[in-house]
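Notes for the structure review
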Amino acid sequence: MKPLLISLAICAILMGLTIHQVEEGHVGVYWRGGALLNRTTGPGFHLKLPLLDNFENVQVTVQTDKVTDIPCGTSGGVMIKIERVEVVNRLKEAYVYETIKNYTTHYDKIWIFDKIHHEINQFCSKHTLQEVYIDLFHTVDDRLQQALEDSFKRWAPGIEIVAIRITKPRIPAAILKQYEEMEAQKAQLLVSIQAQKVAEKEAETEKKRAIIEAEKLAQVSNITVAMQLNQEEGIKKVKAIQDEILLNHERALTDSHFYKLQKAAEANKALMTEEYLKVEMIRAIGNTTKVYFGPSVNAMYLEFLDLAMSKSLSTK
C-alpha cells in the first residue's frame with residue numbers, strides 16, 4: 001500500500017511538471033537545457049518534458065510599456081525630466097520565435113525602454129529648453145515613433161508600434177515660474193488683442209450701419225426727387241395737352257367764324273343782282289317818310305336807280 005502511494009505521489013508530481021497552461025493572448029515558448037526550441041504553442045493545456053523543458057508565456061496582444069523618469073539635458077545645460085512615456089506595441093505571433101531567439105523575452109527592454117531613453121536624450125541635447133518644453137514638444141511623440149519604427153524595420157520586424165504618449169517635462173521651479181508669468185502675460189496680451197478686435201469690429205459694424213443708413217437716406221431722397229420731377233413733368237404734359245386743346249378749340253372757333261363770314265359774304269355777293277337791288281331800293285323808298293312832288297320826281301328816281309346799278313356792277 002505504501003509503495004503505491006509513493007508511486008501515485010511521484011506520478012502526480014511528474015504530471016504537475018509536465019502539464020502547463022498557455023494563457024489567452026499569449027504564445028508558449030520552450031527551452032530544453034537552455035536552448036530555445038523551434039516550436040510555440042497557443043492558448044490551452046500542453047505537455048512538456050519534466051525537469052528538462054522550461055516554458056514561458058509571451059504576450060502577442062496589444063500591450064503598453066511605460067518608461068518613467070527619463071532625465072533630459074537640453075543644449076543650454078538645463079536638466080529636466082520627463083515623467084512618463086507610454087509605448088503601445090504588439091509582438092506579431094509569426095515573429096515570436098525569431099524575436100525571442102535574437103533578443104530573449106526581454107526584447108522590449110532593448111528596443112523600447114532603452115531606445116526611448118536614448119532618443120529622448122538625443123532630442124534634448126540638440127534643442128533648447130524653449131524648444132523642448134514649448135515649441136517642439138508637440139512633435140516629440142511623432143519623432144519617437146518614427147525612430148522606433150525605423151529601428152524595428154531593420155532589426156526587429158516582429159515589433160509593431162501602435163501609438164506613443166508622452167507627458168509634459170518637469171522643469172526647475174524657478175524656470176517654471178518664469179514660464180507661468182510669461183504665459184500669464186501672453187494670456188493678458190491675447191485678451192487685449194481680442195478686446196481690440198472686438199472694438200474694431202464694433203467700430204466697423206457701426207461704420208457699415210452708418211453707411212447703410214446714409215445710402216438708405218440717399219436712395220429715399222433720390223426717389224423723392226424723382227417722384228417730384230415725374231410729378232412736375234406730368235403737370236407740364238397735362239398743361240401742354242390743355243393748351244393744345246384750348247388752341248385747337250380757339251382755332252376751330254376762328255375757323256368756324258371765318259367760314260361763317262365767308263359764307264355770308266358769298267351769300268351777299270350772290271344776292272347782289274339787278275332785280276334784288278331794285279326790290280331793295282323800292283323797299284327803302286317805301287319806308288321813307290318824305291314825299292316829293294313835281295315833274296322831276298320820276299327823273300330823280302331813275303338817276304338814283306342808274307347810280308345804284310352802276311355801283312353794283314362795278315363791285316362785281
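Preceding block: the structure.
Residues numbered from 1 in each chain as written. Predicted model: local features only at pLDDT ≥ 70, side-chain atom pairs only at ≥ 80, totals over all residues. Heavy atoms only, no water.

Quick word on the pattern of salt bridges
Side-chain pairing between opposite charges can occur once the charged atoms of the two side chains come close. Definition in use: One side-chain nitrogen of Lys or Arg within 4 Å of one carboxyl oxygen of Asp or Glu is enough to make a salt bridge.
According to the stated counting rule, one finds 11 salt bridges in the structure shown. One continuous salt-bridge network, built from bridges that share partners, spans Arg84, Glu86 and Arg165.

Re the side chain of Asp53
Definition in use: Secondary structure counts use DSSP, requiring at least four H or I residues in a row for a helix and at least two E residues in a row for a strand, with both numbered from the N terminus. Residue contacts follow a heavy-atom distance rule, with two residues in contact if any of their heavy atoms lie within 4.5 Å.
Tracing the chain through its elements places Asp53 in strand S5 (residues 53-59). Not counting chain neighbours up to four residues away, the residues in contact with Asp53 comprise Trp31, Arg32, Leu37 and Lys48.

A few points about the packing of helix H2 (residues 96-103) against helix H3 (residues 107-125)
Helix packing geometry: the angle between the two helix axes and the distance between the axes. To keep things clear, this is the line we draw: Here, axes are lines fitted to C-alpha atoms. For helices the fit covers the stretch in contact, and angles between N-to-C directions go from 0 to 180 degrees. Should an angle lie under 35 degrees it is considered roughly parallel, over 145 roughly antiparallel, and from 65 to 115 roughly perpendicular; all remaining angles are considered oblique. Each residue is assigned to one class: nonpolar for Ala, Val, Leu, Ile, Met, Phe, Trp, Tyr, Cys and Pro, charged for Asp, Glu, Lys and Arg, and polar for all the others, Gly among them.
At a closest axis distance of 8 Å, the pairing of H2 and H3 adopts a crossing angle of 80°. In terms of orientation, H2 and H3 fall into the roughly perpendicular class. On the side of H2, the interface is formed by Thr99, Ile100 and Tyr103, while H3 contributes Tyr107, Ile110 and Trp111. Residues belonging to the contact of H2 with H3 are distributed by class as follows: five nonpolar, one polar and no charged.

A look at the packing of H3 against helix H5 (residues 140-155)
Heads up, the rule is: Each crossing is labelled by how the near helix is turned from the far one, with a counterclockwise turn of less than a right angle marking it left-handed and a clockwise turn marking it right-handed.
At their nearest, the axes of H3 and H5 sit 10 Å apart, and the two run at 130° to each other. When the axis of H3 is compared with that of H5, the two are oblique. Judged by the sense of rotation from one axis to the other, the crossing of H3 with H5 is right-handed. Here Trp111, Ile112, Lys115, Ile116, Glu119, Ile120 and Phe123 of H3 lie close against H5, whose contacting residues are Val140, Arg143, Leu144, Ala147, Leu148, Ser151, Phe152 and Trp155. Looking at the contact of H3 with H5, its residues break down into 11 nonpolar, one polar and three charged.

Describing the pairing of strand S6 (residues 63-73)
Basically, it comes down to this: At least two DSSP bridges between two strands are required for those strands to pair.
With 10 bridges connecting them, S6 and strand S7 (residues 79-91) associate as antiparallel partners. Bridge assignment links Gly73 to a residue of S7, and that residue is Met79. Count of turn residues in the S6/S7 antiparallel hairpin: five residues, of which Gly77 carries a positive phi of about 90°.

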